Amino acid sequence: NAGVTQTPKFQVLKTGQSMTLQCAQDMNHNSMYWYRQDPGMGLRLIYYSASEGTTDKGEVPNGYNVSRLNKREFSLRLESAAPSQTSVYFCASTWTSGVGELFFGEGSRLTVL
Amino acid sequence: AQTVTQSQPEMSVQEAETVTLSCTYDTSESDYYLFWYKQPPSRQMILVIRQEAYKQQNATENRFSVNFQKAAKSFSLKISDSQLGDAAMYFCAYILTNAGKSTFGDGTTLTVKP
């Protein structure tokens, strides 16, 4: 049982480049989330999807877009990367939004030069 | 907006002893969940314990227990019989029930001394 899978695990970008972080879960969860974790800080919510077909902004959505492709997959796109987006990104899922435990992926370390 | 405060950036404990990590939060909601997550150097987020706000009984999971004081908006984590493997960053988190809103504290780094 893979749980929550994120790709890529590591990525280096130049300022202005674009990229997409992929996330997939195999637990039949309804809700999925994208967080970022900066050094010495907790996780901050970028976007979430309470259910298939819906997405909502979190605490720090600027510079990002998301797509809930289907129930399993939730992608995060950086259209024009900036050094301030250097961070570790986590995808998470749960059965129903705000109910129960969040299951996390292993994280993706993104560096923007 | 909800806030979660972990006032102890670093804590240390001797192996086999007990340590308590503090967490306070601020919310006007009544229905929510609280969690403690552990993040070892591997970066993986691991659930330690969770507490539903409507339950008055404090949650326990083996050596881990919480002191949940809803009126005071306090949610501390007690680790008994500390082990070397407990060394990690610990995050307190608040999640609003049936909504996507979640807030994490900035974490407490726990060191376990042999």
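Below, the structure is looked at part by part. Predicted model, so just to flag it, every value in this text is computed and none were measured.

Reading guide: rules and limits
- Residues numbered from 1 in each chain as written.
- Chains lettered and ligands numbered in written order.
- Predicted model: local features only at pLDDT ≥ 70, side-chain atom pairs only at ≥ 80, totals over all residues.
- Heavy atoms only, no water.
- Helix = DSSP H or I, 4+ residues; strand = E, 2+ residues; numbered from the N terminus.
- Buried < 20%, exposed > 50% of the residue type's maximum accessible area, 1.4 Å probe, protein only.
- Contact = heavy atoms within 4.5 Å.
- Areas by Shrake-Rupley, 256 points an atom, 1.4 Å probe, with all protein chains shown as cover.
- Lys, Arg positive; Asp, Glu negative; His and termini not counted.
- Charge placed at Lys NZ, Arg CZ, Asp CG, Glu CD.
- Buried area = accessible area lost by both parts, 1.4 Å probe.
- Salt bridge = Lys/Arg side-chain N within 4 Å of Asp/Glu carboxyl O.
- Polar contact = N/O pair within 3.5 Å; in protein donor to acceptor, adjacent residues only side chain to side chain.
- Disulfide = S-S within 2.5 Å.
- Pairing = 2+ DSSP bridges.
- Axes fitted to C-alpha atoms, helices over the stretch in contact; angles between N-to-C directions.

Re the overall build of chain B
Counting its regular elements, chain B contains zero helices and 12 strands. Secondary structure elements of chain B occur, N-terminal to C-terminal, as β-β-β-β-β-β-β-β-β-β-β-β. The principal-axis extent of the C-alpha atoms belonging to chain B is close to 40 × 25 × 20 Å. Of all 114 residues assigned to chain B, the portion counted as buried reaches 52%. Within chain B, residue pairs in contact and separated by at least 24 positions form 55% of the contacts whose partners lie at least 6 positions apart. A total of about 5,500 Å² of accessible surface is found on chain B, and carbon and sulfur atoms cover 44% of it. Counting 10 positive and 11 negative side-chain charges, chain B places the averaged centre of each group 4 Å from the other.

What about the interface of chain B and chain A?
In this assembly, 20 residues from chain B lie in contact with 26 residues from chain A. Of all residues in chain B, B:Arg43, B:Gly100 and B:Phe104 give up the largest surface area on contact with chain A, accounting jointly for 32% of the area buried on that side. At the boundary of chain B with chain A, the tally comes to zero salt bridges. Counting the contacts that link chain B with chain A gives seven residue pairs in polar contact (both at pLDDT 80 or more).

Comments concerning the state of the cysteines
Counting across every chain of the model gives two disulfides over all chains. In this model A:Cys23 forms its disulfide with A:Cys91; the gap between the sulfur atoms is 1.8 Å. Between A:Cys23 and A:Cys91 the sulfur-sulfur dihedral comes to about -75°; the bridge is accordingly left-handed. Of this pair, A:Cys23 sits in strand β3 (residues 19–25) while A:Cys91 sits in strand β9 (residues 87–94); the two residues are 68 residues apart in sequence, bridging distant segments of the chain. Relative accessible area serves as the criterion here: at 2%, A:Cys23 is assigned to the buried category. Among the residues examined, A:Cys91 registers a relative accessible area of 0% and is labelled buried. Through a disulfide, B:Cys23 is tied to B:Cys92; the S-S separation comes to 2.0 Å. Torsion about the S-S bond of the B:Cys23 and B:Cys92 cystine: about -70°, corresponding to left-handed handedness. Linking B:Cys23 in the loop between β3 (19–21) and β4 (24–26) with B:Cys92 in strand β10 (residues 88–96), this pair joins segments that are 69 residues apart in sequence. Note on accessibility: B:Cys23 and B:Cys92 belong to one class, buried.

Looking at the side chain of A:Gln85
Residue and element names in this part refer to chain A. Topologically, Gln-85 is positioned in the loop between β8 (74–78) and β9. Given the relative accessible area of 6%, Gln-85 is considered buried. Setting aside residues no more than four positions away along its own chain, Gln-85 makes contact with Arg-36, Asn-62, Gly-63, Tyr-64, Leu-78, Ser-80, Leu-110 and Val-112.

A word on the sheet that holds β8(A)
Residue and element names in this part refer to chain A. Spatial strand order, β1-β3-β8-β7: four strands in an open sheet with antiparallel pairing. The open sheet is flanked by β1 (4–7) and β7 (64–68), the only strands paired with a single partner. Direction aside, neighbouring strands of the sheet carry axes that sit 15° apart on average. Judged from the five bridges that link them, β7 and β8 form a sheet pairing that is antiparallel. Looking at β8, one finds that Val-66 is bridged to Leu-76.

Digging into the pattern of salt bridges
A side chain with one charge can pair with a side chain of the opposite charge if their charged atoms come near. Summed over all chains, the structure comprises six salt bridges over all chains. Between A:Asp38 and A:Arg36 there is a salt bridge, with its nearest N and O atoms 2.9 Å apart. Summarising the burial analysis for this pair, A:Asp38 and A:Arg36 share the class buried. Note that B:Asp86 and B:Arg63 form a salt bridge whose closest N and O atoms lie 2.8 Å from each other. Separated by 23 residues along the polypeptide, B:Asp86 in the loop between β9 (74–79) and β10 and B:Arg63 in the loop between β7 (60–61) and β8 (64–69) bring together distant segments of the chain. B:Arg63 carries the same exposure label as B:Asp86, and that label is buried. Overlapping salt bridges bring together A:Arg36, A:Asp38 and A:Arg44 as one network.

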